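As a plain string of letters, each chain reads:
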Amino acid sequence: MGPVEFIVLAFPEEQLRVPAVEAVMGLRKSGVVRLIDGLVATRTAAGDVLAAEFDEFVELRGLLTGRDVARVIGAEDVHEAAGLLERGNCALLLVVEHVWAEDAAIAVRAAGGRIAGSVRIPPDRFPADPRVGAA
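Residues numbered from 1 in each chain as written. Predicted model: local features only at pLDDT ≥ 70, side-chain atom pairs only at ≥ 80, totals over all residues. Heavy atoms only, no water.

Caption draft 1: Molecular detail of helix H1 (residues 18-30). Here H1 contains 13 residues, and its C-alpha end-to-end distance of 18 Å stays within 8% of the 18 Å for a straight helix at 1.5 Å per residue. After H1 finishes, the residue Gly31 shows a positive phi value of roughly 90 degrees. (Helix = DSSP H or I, 4+ residues; strand = E, 2+ residues; numbered from the N terminus. Expected span 1.5 Å × (residues − 1).)

Following this line, the structure appears as structure tokens:
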């Protein structure tokens, strides 16, 4: 198994942005990542925190099926992720395996090593992506 990561993708408003969802799910279809678990979290305008299964959304229906799925996102994770949201916003909560790194992880383990950790570097530490907003 490659490295596993919990990712929170926030969206303005209380509804998902379909093009962004399709792009993320395209990674799954291409085999770059394996989707292990997922939920949609919403912080309502009143400040309430709601969680919904993928099957409650047409664009996400059927994504969490099969033997690879493991329900690992709990209520505490939902509330922690919702703390990152402004009122009236929602987020995709994803647990993914980075399949692209699986061969390296297998080789490291075979050599007696282990994945000891990883650090996510915030996007604001890099120059703006010139592809964003390009025509």
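Caption draft 2: Region of the structure containing the environment of Asn89. Summarising the element assignment, Asn89 is placed in strand E4 (residues 89-98). Note: C-alpha distance between Asn89 and Val108 (19 residues apart in sequence) is 40 Å.

Caption draft 3: Region of the structure containing the sheet that holds strand E1 (residues 4-11). Spatial ordering of the open sheet is given by E1-E4-E2-E3, a layout of 4 strands whose pairing is antiparallel. At either margin of the open sheet sits one strand with a lone partner, and together these are E1 and strand E3 (49-52). Taken pair by pair, the neighbouring strands of this sheet meet at an average axis angle of 25 degrees, ignoring direction. Where strand E2 (residues 33-43) meets E3, 4 bridges bridge the pair, whose relative direction is antiparallel. Each residue of the ladder has a partner; that of Val40, found in E3, is Ala52. (Pairing = 2+ DSSP bridges. Axes fitted to C-alpha atoms, helices over the stretch in contact; angles between N-to-C directions.)

Caption draft 4: Examining the nonpolar core more closely. With 16 residues, the main nonpolar core has Leu16, Leu35, Phe54, Leu60 and Leu92 as its most contacted residues. Elements represented by at least two residues in this core include exactly E1, H1, E2 and E4. If sequence neighbours within four positions are ignored, Leu35 has contacts with Met25, Arg28, Phe54, Leu63, Leu64, Asp68, Leu94, Val95 and Val96. Formed by 10 residues, the second largest nonpolar core is a distinct cluster that contains Leu39, Val78, Ala81 and Val95. (Core = buried A, V, L, I, M, F, W, Y, C linked by side-chain atoms within 4.5 Å. Buried < 20%, exposed > 50% of the residue type's maximum accessible area, 1.4 Å probe, protein only. Contact = heavy atoms within 4.5 Å.)

Caption draft 5: Region of the structure containing the pattern of salt bridges. Counting across every chain of the model gives 4 salt bridges. For Glu13, the salt bridge is made with Arg17, and the minimal N-O distance between the two is 3.5 Å. A salt bridge links Glu53 to Arg71, with the nearest nitrogen and oxygen atoms 3.1 Å apart. Within this pair, whereas Glu53 is found in the loop between E3 and helix H2 (75-82), its partner Arg71 is found in the loop between E3 and H2, the two being separated by 18 residues in sequence. (Salt bridge = Lys/Arg side-chain N within 4 Å of Asp/Glu carboxyl O.)

Caption draft 6: The environment of Val96, seen in detail. As for its placement among the helices and strands, Val96 is situated in strand E4. For Val96, a relative accessible area of 5% corresponds to the buried category. Spatially, the C-alpha atoms of Val96 and Gly83 are 21 Å apart, while their sequence positions differ by 13 residues. The residues touching Val96, leaving out its near neighbours within four places in the chain, are Pro3, Val4, Glu5, Ile7, Val33, Arg34, Leu35 and Ile36.

Caption draft 7: Inspection of the side chain of Glu5 at higher detail. Within the secondary structure, Glu5 is located in strand E1. Among the polar contacts made by the side chain of Glu5, one reaches the side chain of His98 at a distance of 2.7 Å. (Polar contact = N/O pair within 3.5 Å; in protein donor to acceptor, adjacent residues only side chain to side chain.)

Caption draft 8: Molecular detail of a nonpolar patch on the surface. Residues Leu27, Val32 and Trp100 make up a contiguous nonpolar surface patch of about 310 Å² in total accessible area. Among the structural elements, Leu27 can be located in helix H1. Among the residues examined, Leu27 registers a relative accessible area of 42% and is labelled partly exposed. (Patch = residues over 30% accessible without salt bridge, like charges linked within 9 Å, V, L, I, M, F, W, Y side chains within 5 Å. Areas by Shrake-Rupley, 256 points an atom, 1.4 Å probe, with all protein chains shown as cover.)

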